[in-house]
Amino acid sequence: IIVLVVIILLMITAVAAVWMKLNGINRIQIGNEVQTSEDFEQDDPEAEDTISEDNITFAEPDKVRADEDVINILLIGRDSRNADEERGRSDSMIVVSLNRNTKQISLVSLMRDCYVQIPGKKNNKLNAAFAFGGYELMDKTISQNFGIEIDYNVGVNFDGFEKVVDQLGGIDITLTAGEAEYMALWGFPDMEEGVNHMDGEQALCYARTRYVGTGKEANDFGRTYRQRVGMTTVFQEMMKKSLPEIWTILDSIMDCLETDMTNSEIISIGTEFYNMGIDDLQSYRLPQDGEYSDEKIDGMSVLVVDWDAAQQHLQDWLYSDTPV
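Keep in mind the model is a prediction, meaning the values are calculated, not measured.

Would you mind going over the overall build of the protein chain with me for this structure?
Secondary structure assignment for the protein chain yields nine helices and 13 strands. Within the protein chain, buried positions represent 48% of all 324 residues. Summing over all exposed atoms, the protein chain offers an accessible surface of approximately 15,900 Å²; the carbon and sulfur share of this is 51%.

Now the structure itself:
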């Protein structure tokens, strides 16, 4: 009986310690986020429009899919070093989806230049929704245009990504010759074509590289591809660790995170991700090749998307009854 009591007390102490650490994560107050004024990030103010608004077919707002067995978490990469800095446009947007039926985890990059309808605002680039109304407006914008519900939100700034990679002891990334040359220009001359072992700072530079192709993806498409490669590699390395080791790693980045998830939800959903493993993780991006056009609108370089095709892809990837 004494041994049992001691074990129970140790368990309670451990749970209390975890709970207190989770309380250190910044909480997003959905519904109370500050609305900022609209702006149009013009790439070329003198450029003539290549398409009229009247010729754009937007998504039907009532075609939204929700499923209690599919959890969609929006991961926002914040273009800031400090969570307290003024909120700008989202640097990256990745939907991390867990399908309980198929035991599949999916990563879907949403291109920030997608020309979308933003509820209560004028049409603009997708990443503008975050600047105008934070996570709440971004969730509504994704729901209206992409046809899926976002259940939870997680934001991470650059320091968080660097710390995780460093805590893992670095990660191995395969570079093209162009990527290695680009990283050399940014202060990493030791990078070379092929496999490179990167620390956090190097991995962040790789993930943010925008104007270099991957051999398959060019410009910003290449950047989102590299972000998914970085995330997938981090996941794979994390899954090799024990739960106490994973906790130690996550403990180091609590101050770099913000979320609208409760402590109970973090523990519950995190356990599901861990138990599901990494073998079934799939990686995608929207829009797909051949399902968008590069256009100029109000001086902005935007992607005009085939929304019927984009929504159909998400239905197939995230909600299918069989693994994709």
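The discussion continues.
Whenever I open this one, the packing of aromatic side chains confuses me. Can you help?
The geometry of an aromatic ring pair is captured by the separation of the ring centres together with the interplanar angle, meaning the angle of the planes. With the rule as written, the count across this model stands at six aromatic pairs. When the ring of Phe 130 is compared with that of Tyr 135, the centres are 4.9 Å apart and the planes differ by 85 degrees; the resulting orientation is edge-to-face. This pair shows no difference in class: Phe 130 is buried, exactly as Tyr 135 is. Plain terms: the ring middles of Tyr 182 and Trp 186 are 6.1 Å apart, the flat faces sit at 35 degrees to each other, and that makes the pair tilted. What makes Tyr 182 buried here is its relative accessible area of 18%.

What is the right way to read unusual backbone geometry from this model?
Glycine aside, the phi torsion of most residues is negative, and most peptide linkages are trans. Between Leu 286 and Pro 287 the backbone carries a cis peptide bond, its omega angle lying at 0 degrees. With respect to the secondary-structure elements, Pro 287 resides in the loop between β11 (282-286) and β12 (292-297). Positive phi, normally seen in glycine, also occurs at Lys 103, with a value near 60 degrees. Secondary-structure assignment places Lys 103 in the loop between β3 (90-99) and β4 (104-110). By relative accessible area, Lys 103 is classed as partly exposed at 46%. A positive phi angle, close to 55 degrees, is found at Asp 298, a residue other than glycine.

What am I meant to see in helix α2 (residues 128-146) here?
One turn of an α-helix holds 3.6 residues; hence residues three or four places apart share an orientation. Under the 1.5 Å per step criterion, the end-to-end length of α2 is only 16 Å for 19 residues, more than 12% shorter than the ideal 27 Å. Gly 147 sits one or two residues past α2 and shows a positive phi near 75 degrees.

Honestly, a negative patch on the surface in this entry has me stumped. Any pointers?
A cluster of like negative charges, contributed by Glu 48, Asp 49, Glu 53, Asp 54 and Asp 298, occupies part of the molecular surface. By secondary structure assignment, the location of Asp 298 is in the loop between β12 and β13 (300-305). The exposure class of Asp 298 is partly exposed, given its relative accessible area of 40%.

Mind showing me how you'd approach the sheet that holds β4 here?
Paired through their backbone hydrogen bonds, the strands of a sheet run either parallel or antiparallel. Taken together, seven strands build an open sheet; the order of strands is β1-β10-β7-β2-β3-β4-β11 and the sheet is mixed. Edge positions in the sheet fall to β1 (26-27) and β11, since each of these pairs with one other strand and no more. Summarising the sheet, strand β7 (residues 152-156) and strand β10 (residues 257-259) pair through three bridges and their orientation is antiparallel. Each residue of the ladder has a partner; that of Val 154, found in β10, is Thr 259. Where α2 meets the sheet, its contacts fall on β2 (70-78), β3, β4, β7, β10 and β11, and the angle it forms with β2 comes to roughly 140 degrees.

So what exactly am I meant to see when it comes to the pattern of salt bridges here?
Pairs can form between side chains of opposite charge whenever their charged atoms are close. For the structure on display, the rule yields six salt bridges. Among the ionic pairs, Lys 140 bridges to Glu 136, the shortest N-O distance being 3.6 Å. With a gap of four residues between them, Lys 140 and Glu 136 both fall in helix α2, about one helical turn apart. With relative accessibility at 45%, the residue Lys 140 sits in the partly exposed group.

Which parts of the structure should I look at to understand the packing of α2 against helix α9 (residues 307-319)?
Pairs of packed helices are described in terms of their axes, by the angle between the two and the distance that separates them. Packing of α2 against α9 brings their axes to within 9 Å, and their N-to-C directions diverge by 105 degrees. By the angle class used here, α2 and α9 are roughly perpendicular. Counted together, Gln 144, Asn 145 and Phe 146 of α2 and Trp 307, Gln 311 and Leu 314 of α9 form the full contact between these two elements. Residue composition of the contact of α2 with α9, grouped by class: three nonpolar, three polar and no charged.

For this particular structure, what's the right way to read the nonpolar core?
Nonpolar side chains in soluble globular proteins generally cluster together in the buried interior. Judged by nonpolar contacts, the single largest core of 45 residues is most densely connected at Val 108, Leu 110, Leu 126, Met 138, Ile 142, Phe 146 and Trp 307. Those elements that provide at least two residues to this core are β2, β3, β4, β5 (115-116), α2, β11, β13 and α9. In terms of residue count, α2 provides more of this core than any other element does, 10 residues in total. Beyond its immediate sequence surroundings of up to four residues, Met 138 is in contact with Leu 74, Ile 76, Ser 90, Met 93, Leu 126, Asn 127, Ala 129 and Phe 130.

Scoring rules and cut-offs
- Residues numbered from 1 in each chain as written.
- Predicted model: local features only at pLDDT ≥ 70, side-chain atom pairs only at ≥ 80, totals over all residues.
- Heavy atoms only, no water.
- Helix = DSSP H or I, 4+ residues; strand = E, 2+ residues; numbered from the N terminus.
- Buried < 20%, exposed > 50% of the residue type's maximum accessible area, 1.4 Å probe, protein only.
- Areas by Shrake-Rupley, 256 points an atom, 1.4 Å probe, with all protein chains shown as cover.
- Phe/Tyr/Trp six-rings, centres within 6.5 Å; stacked < 30°, edge-to-face > 60°.
- Expected span 1.5 Å × (residues − 1).
- Patch = residues over 30% accessible without salt bridge, like charges linked within 9 Å, V, L, I, M, F, W, Y side chains within 5 Å.
- Salt bridge = Lys/Arg side-chain N within 4 Å of Asp/Glu carboxyl O.
- Lys, Arg positive; Asp, Glu negative; His and termini not counted.
- Charge placed at Lys NZ, Arg CZ, Asp CG, Glu CD.
- Pairing = 2+ DSSP bridges.
- Contact = heavy atoms within 4.5 Å.
- Axes fitted to C-alpha atoms, helices over the stretch in contact; angles between N-to-C directions.
- Parallel < 35°, antiparallel > 145°, perpendicular 65-115°, else oblique.
- Nonpolar A, V, L, I, M, F, W, Y, C, P; charged D, E, K, R; others polar.
- Core = buried A, V, L, I, M, F, W, Y, C linked by side-chain atoms within 4.5 Å.

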